[in-house]
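Report on the structure
What follows is the residue order along each chain.
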Amino acid sequence: MSTGTLYGVGLGPGDPELITIKAARLIAAADVIAYHSARHGRSIARGVAAAHLRGDQIEEQLVYPLTVETTDHPGGYRGAIADFYTESAAKLAAHLDAGRDVVLLCEGDPLFYGSYMHMHTRLAGRYPTEVVPGVTSVSGAAAVTRRPLVEGEEVLTVLPGTLPPEVLTERLAGTNPVAVLKLGRNFEKVRKALTDAGRLDDAVYVERATWEAQRVAPLSEVDPDTVPYFALALLPSGLAIDPAPAPARAAGPGEVAVVGLGPAGRPWLTPEAQEALAWADDLVGYGPYLDRVPPNPRQRRHASGNTVEAERAALALALARDGSRVVVVSSGDPGVFAMASAVLEVADDPRWADVPVRVVPGLTAAQAVASRAGAPLGHDFCTLSLSDRLKPWDVIASRLAAAAAADFVVAIYNPASRSRREQLVAAKELLLGHRRGDTPVIIGRDVGGPAETIEIVPLAELDPATVDMRCLLIVGSSRTRLTELPDGTRRVFTPRHYPAS
């Protein structure tokens, strides 16, 4: 039988929510849960971990036989405690020999003044071991005082309060940050050392950091009779006492970034686009697209309607001229029937010459729909918009006919709307003049969104009445193939090779 594994699991400084995910998983999975306690039987470590215990695990309580009071042990206190650790290690070894995994709970970090290390040194050479770090009491204390612990080239010193007074005074001299642990009965000695080192006024007292009963106070005001073992003195970063003011934003214009959000939610967003959104002071865009960006109270949002692209661009440029970092959001890729050209067209006016504009690409709707169906864009293709709001229908019709005659795969944007139904009917007839009726047509609706559908129909059976503005169509070329797998899955692809004329 293989032996079990010993896990030294750090629980953090006391707040159960500061237990790491890994620690919680190991605690819940262990065969044996071990923890130290005083003779009264209460264990702080077990209390912190209680929510993760299953209830049917073996619990091995390791009860300290004494504190620092006198003992009749022939080796004195050190001898008595060494025997205790040896006996405790034997208890854990019995479980490990039987193949049971043991989690030894430890407040703070197991290897930072932690009780676990005494088991580790006795057992690590004989059994598999793993140490799970935890938030230290020093980190917890710095967090609750809301003061930086150490900065720049400062050196952090951590001292046990059990050191002799003269050593404490010597180590406390200077200006670097210091944490003094294990106060309790050592408190008055530590306070005198701080006084002798001239640092008492800077010292912060922290008791039970992150617990519900935590206490933070100037150390000079603390009553020695109220100080428990789980308290420390903190001399935080001297650089943080009088922080420099935040630098003012440089004079001059800000910048406009036109950002592609992709066709749907966050999974379609590029890291570059995420970075640009986080950088922005102002967000400008069509309302439904702005709604896809999680709100941030730091940022101002400027939503507008669907047909005011030039006004949106002018607003973004004006905000940037006044020093703001502006993101203009766009669905898909901003350079494909979207906001990049609108912004650059307005920015071409000399009055915006000093405002920088950059374009952050995004995944296009054509790419998204194609990926769901297979690889219909595997050879030459073109993209066309059927919207005649910004160009006349005769231009659209001539381009569509030319693309069909040239045997391109055609991705059709804006195929229909509530007020524009006849264009797709006419487009279908134009395409059938150059394509067989069984040419695959992919209809992608709301790709990436909750109402996503992908439908593949022959060109002759395309029903324009079922298509709206949420759709994108991909019409195959003469070479595009539709295959059906044994499980019913249908795939569309356009071969990379084209026959000679």
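See the structure above.
Here the structure is a predicted model, which means the values were calculated and not measured.

What counts, and at which threshold
- Residues numbered from 1 in each chain as written.
- Predicted model: local features only at pLDDT ≥ 70, side-chain atom pairs only at ≥ 80, totals over all residues.
- Heavy atoms only, no water.
- Pairing = 2+ DSSP bridges.
- Helix = DSSP H or I, 4+ residues; strand = E, 2+ residues; numbered from the N terminus.
- Axes fitted to C-alpha atoms, helices over the stretch in contact; angles between N-to-C directions.
- Contact = heavy atoms within 4.5 Å.
- Buried < 20%, exposed > 50% of the residue type's maximum accessible area, 1.4 Å probe, protein only.
- Polar contact = N/O pair within 3.5 Å; in protein donor to acceptor, adjacent residues only side chain to side chain.
- Right-handed = clockwise from strand over helix to strand, strands pointing away.
- Arc of directions from axis to C-beta.
- Phe/Tyr/Trp six-rings, centres within 6.5 Å; stacked < 30°, edge-to-face > 60°.
- Lys NZ or Arg CZ within 6 Å of the ring centre and 35° of its normal.

Looking now at the pairing of strand β6 (residues 157-160). Here β6 pairs with strand β7 (residues 178-181) via 4 bridges, running parallel. Bridge pairing in β7 links proline 160 to leucine 181.

This next bit is on the sheet that holds strand β17 (residues 381-385). Read across the sheet, 5 strands follow the order β17-β18-β21-β19-β20 without closing on themselves; strand pairing throughout is mixed. Unpaired on one side and paired on the other, β17 and β20 (453-458) mark the two borders of the sheet. Strand-to-strand twist in this sheet, taken as the mean axis angle between neighbours without regard to direction, amounts to 20°. Here strand β19 (residues 440-445) runs beside β20; their pairing, made up of 6 bridges, is antiparallel. Within the sheet, the bridge partner assigned to isoleucine 443 lies in β20 and is glutamate 455. The sheet contacts of helix α12 (residues 365-373) involve β18 (409-413), β19, β20 and β21 (471-475), and relative to β21 the element is tilted by about 65°. Of the strands in this sheet, β17 and β18 are in contact with helix α13 (residues 393-405), which crosses β17 at around 160°.

Right, let's get into the environment of aspartate 388. Tracing the chain through its elements places aspartate 388 in the loop between β17 and α13. Of the residues examined, aspartate 388 reaches a relative accessible area of 33% and is grouped as partly exposed. Separated by 26 residues in the primary sequence, aspartate 388 and asparagine 414 have C-alpha atoms spaced 9.5 Å apart. Leave out the neighbours within four places in its chain, and aspartate 388 touches Trp393, Ile396, Arg420 and Gln423. For aspartate 388, the side chain forms a polar contact with the side chain of glutamine 423, separated by 2.8 Å.

To continue, consider the sheet that holds strand β16 (residues 374-375). Spatial strand order, β16-β23-β22: 3 strands in an open sheet with mixed pairing. Two strands lie at the open edges of the sheet, namely β16 and β22 (481-484), each paired on one side alone. Bridge analysis of β16 against strand β23 (residues 490-493) gives 2 bridges, and the strand direction is parallel. Paired with glycine 374 across the strands is valine 492, a residue of β23.

Here the focus is unusual backbone geometry. Despite not being glycine, threonine 210 has its phi angle at roughly 75°, a positive value. Within the secondary structure, threonine 210 is located in the loop between β8 (204-207) and β9 (215-218). Even without being a glycine, asparagine 414 presents a positive backbone phi close to 45°. Within the secondary structure layout, asparagine 414 lies in the loop between β18 and α14 (422-432). For asparagine 414, a relative accessible area of 23% translates into the label partly exposed.

Another aspect to go through is the pairing of β7. The alternating pattern of β7 places Val178 and Val180 on one face and Ala179 and Leu181 on the opposite face, and all of these are buried. Note on the crossover from β6 through helix α6 (residues 165-172) to β7: the handedness is right-handed. Of the strand pairs in this sheet, β7 and strand β10 (residues 231-235) are connected by 3 bridges, and their pairing is antiparallel. For valine 180, the partnering residue across the bridge sits in β10 and is alanine 233.

Time to look at α6. Where α6 is concerned, the buried positions are Leu168, Thr169 and Leu172. Viewed along the axis of α6, the buried residues span an arc of 100°, placing them on a single side of the element. Facing away from the buried surface of α6 by more than 90 degrees, the exposed residues are Glu166 and Glu170. The inward-facing, buried residues of α6 abut β6, β7, α7 (187-196) and β10. Phi turns positive one or two residues past the end of α6, at glycine 174, with a value near 110°.

Further remarks concern the side chain of threonine 210. Exposure remark for threonine 210: the relative accessible area of 15% places this residue in the buried category. Residues in contact with threonine 210, not counting those within four places in the same chain, are Pro13, Gly14, Asp15, Leu18, Gly140 and Val144.

Turning to the environment of aspartate 322, a few remarks are in order. Along the polypeptide, aspartate 322 turns up in the loop between α10 (309-321) and β14 (325-330). Its relative accessible area of 62% is what places aspartate 322 among the exposed residues. Between the alpha carbons of aspartate 322 and proline 253 there is a distance of 5.8 Å; along the sequence they are 69 residues apart.

Counting across every chain of the model gives 9 aromatic pairs. Ring centres of tyrosine 64 and phenylalanine 84 lie 4.8 Å apart, and the angle between their planes is 45°; on these two criteria the pair is classed as tilted. Residue tyrosine 64 is located in the loop between β3 (58-63) and α3 (76-97), and its partner phenylalanine 84 is located in helix α3; the two are separated by 20 residues in the primary sequence. Measuring from ring centre to ring centre gives 5.0 Å for tyrosine 286 and tyrosine 289, while their planes differ by 85°; the resulting arrangement is edge-to-face. Using a relative accessible area of 22% as the deciding quantity, one classes tyrosine 286 as partly exposed. Residue classification places tyrosine 289 among the partly exposed positions, given a relative accessible area of 28%. A network of ring pairs unites the aromatic residues Tyr64, Phe84 and Tyr85 as a single cluster. The lysine or arginine in question, arginine 358, covers the ring of tryptophan 279, its NZ or CZ lying 4.8 Å from the ring centre.

It is worth spelling out helix α1 (residues 21-29) at this point. Within the sequence span of α1, burial applies to Ala23, Ala24, Leu26 and Ile27. Summarising the axial view, the buried residues of α1 lie within an arc of 165°, below the 170-degree limit, and thus occupy one face. Along α1, exposed side chains directed more than 90 degrees from the buried face belong to Ile21, Arg25 and Ala29. Of the surrounding elements, those touching the buried residues of α1 are β1 (6-10), β2 (32-37), α2 (44-49), β4 (102-106) and β5 (129-132).

Function cannot be read off these values alone, since they describe shape.
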